[in-house]
Amino acid sequence: MKILKYSDVTPHNIYLNRRKFVEALGLTSLAFVATPTTAKQSYSTSAKPNTIDEITNYNNFYEFGTSKTDPAKYAQSLTTDPWEITFEGVSQNKKKFDLAEILKGKTLQERIYRLRCVEGWSMVIPWIGFPLHDLINELEVNSNAKFVAFETVYRPTEMRGQKRATLDWPYREGLTMKEALHPLTFIATGLYGKELPNQNGAPFRLVVPWKYGFKSIKSITKISFIEEQPYTTWSSENPREYGFYSNVNPNVDHPRWSQATERVIGEGLFGERRKTELFNGYIEEVGDLYKGMDLKKYY
Amino acid sequence: MASSSLFRSLPISLLYCILLIPIPLYFYWGTVNQLGPDPLRSLEHKYGELGLIFLLVTLSISPLFKYAKINLVRYRRCIGLVAFYYIVSHICVYFFLDIGLSIDILLSDLQKRYYIIAGFFAFITLIPLALTSNNFALRKLNIKTWNKIHSFVYIAIILSIFHFILMSKTWTVELYFYTGITIFILILKIKSTKLYKKLSTYSNADISK
């Protein structure tokens, strides 16, 4: 199997555009590349991150196919520049923003987060981006909003997996307003100090480290602030198996497999399984959000 | 028919070697990290998928002879046993590497997880077939008994496909493909049963009246 390099999987023009992208942020590319290794955020885990090859060649991104290697093969066909994001449930007149406008003035930071997939494996990923609340605070969000709904771009011509009805496209996910405003909830635009590769959800994706990976929706084009709990793809596909909350929880099994342990990607064929932690180890940070909640009922 | 004579001249022992090579080869690739970021799942799936493929090939041999006059009957035992060895390897990866020899996990999987239950019974069903796939058993057993034992393979393939469907998150292309082939083989089998023939002669008789 050919292991793809970052430069192999990024369209050349986008790769070159990185410089422009970095300049737009008011950073020199050197500072941008240097930041991640030095300034570790307090929210980051001290665990050793997976390699870029592992992170970019083992992806669940059904828009490009159901196999874990499909996204690395086919995600280059997605145009990520220009990129527009539409907001609903906001009272301001301007509701459509170019990604560059959103990123303007935001300080990018690195967050090394654990990612626990509902399938029973985990990785450690050094994301680059900013907390979602930085963005929400800039918007005039309707005061009655209780949930945030996210939508992935729907472009079957560029996303070959969307030509088949594997899932009810476009992919949709959601959070409660409280979850969305939590300082751990992150928008990633980069990985390993570089621009986010397409297969990892470029150019703009959500990262919610205490929830199963499928909650962290990729390639977002629409964000709505709403009163009712939104439609979410996997929990609608199979409500018995995937809940709206989908917090990582070793005590609540998936109906078809145990969630008590996880395979650590990168540990090789003889690697030992890791004990899965409640809220993926972020219990101190997010435990309060679910105080008194029956986690077996609201899985 | 050049291909057909090639098949005829292929010694069985060589066929075993060729078909079984992927077992040590994939294992070796797994140990040297050539099976992608998740070598365990990759190895487990490869063995399982090849087991399913060889099981389907075994089941295709009799319809191939009947409908296409391609005679691979003398390779059937070999391919069937190869399927069994892949399934044993698949289960070994699950037991030794995936669940790390944990009897607790095994027992809880066998109580709770439908896909593991289906897979387990598919394997159990195949054991008597593997044990009687030799000349000694053929000589010792009454041919009717032997045939009966070997018709269990249809139960095994149904359980194997359920094992695959139940562990999948969505209906992938592979899943449609293998399920389709299985259904096709089963339809051909049902059409060749005595009961089906009897019923169809009855209904034909009805029509002609």
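Please refer to the structure higher up on the page.
Note that the structure is predicted; figures quoted are calculated from it, not measured.

## Quick notes on the interface of chain B and chain A
Frequently, the measure chosen for interface size is the accessible area removed from exposure when the parts meet.
Moving on, step 1. At the interface, 19 residues of chain B touch 18 residues of chain A.
Moving on, step 2. Counting residues per element, the ones that place at least two in the side of chain B that touches chain A are helix 3 (22-31), helix 4 (39-68), helix 7 (114-131) and helix 10 (152-167) of chain B.
Moving on, step 3. Of all the elements, helix 4 of chain B adds the most residues to the side of chain B that touches chain A, at three residues.
Moving on, step 4. Among the residues forming the side of chain B that touches chain A, the class breakdown is nine nonpolar, eight polar and two charged.

## Looking at the packing of helix 7 of chain B against helix 10 of chain B
All names here are of chain B.
Moving on, step 1. Their axes nearest at 8 Å, the elements helix 7 and helix 10 cross at an angle of 160 degrees. Considered as vectors, helix 7 and helix 10 are oriented roughly antiparallel to each other. Considering only the axes of helix 7 and helix 10, their crossing is left-handed. Together, Tyr114, Tyr115, Ala118, Gly119, Phe121, Ala122, Thr125, Leu126, Pro128 and Leu129 of helix 7 and Phe152, Val153, Ile155, Ala156, Leu159, Ser160, Phe162, His163, Leu166 and Met167 of helix 10 make up the contact between the two elements.
Moving on, step 2. When the residues that make up the contact of helix 7 with helix 10 are grouped by side-chain class, the tally is 16 nonpolar, four polar and no charged.

## Description of the sheet that holds strand 5 (residues 147-152) of chain A
Residue and element names in this part refer to chain A.
Moving on, step 1. Read across the open sheet, the five strands follow the order 2-1-10-5-6; overall the sheet is mixed. Strands with a single pairing partner mark the edges of an open sheet, and in this sheet they are strand 2 (96-98) and strand 6 (172-176). Across the sheet, the axes of successive neighbouring strands diverge by a mean angle of 20 degrees, strand direction being ignored.
Moving on, step 2. Here strand 5 pairs with strand 6 via five bridges, running antiparallel. Looking at the pairing, Glu151 lines up with Arg172 of strand 6.

## Concerning the pairing of strand 11 (residues 261-264) of chain A
Residue and element names in this part refer to chain A.
Moving on, step 1. As defined by bridge partners, strand 4 (residues 121-131) adjoins strand 11 across two bridges and the pair is classed as parallel. Note that in strand 11 the partner of Ser122 across the bridge is Val264.
Moving on, step 2. The pairing of strand 11 with strand 12 (residues 274-275) spans two bridges and is classified as antiparallel. In the strand pairing of strand 12, Thr261 is matched with Lys275.

The rules we used
Residues numbered from 1 in each chain as written. Chains lettered and ligands numbered in written order. Predicted model: local features only at pLDDT ≥ 70, side-chain atom pairs only at ≥ 80, totals over all residues. Contact = placed C-beta atoms within 7 Å. Helix = DSSP H or I, 4+ residues; strand = E, 2+ residues; numbered from the N terminus. Nonpolar A, V, L, I, M, F, W, Y, C, P; charged D, E, K, R; others polar. Axes fitted to C-alpha atoms, helices over the stretch in contact; angles between N-to-C directions. Parallel < 35°, antiparallel > 145°, perpendicular 65-115°, else oblique. Left-handed = near helix turned anticlockwise from the far one by under 90°. Pairing = 2+ DSSP bridges.

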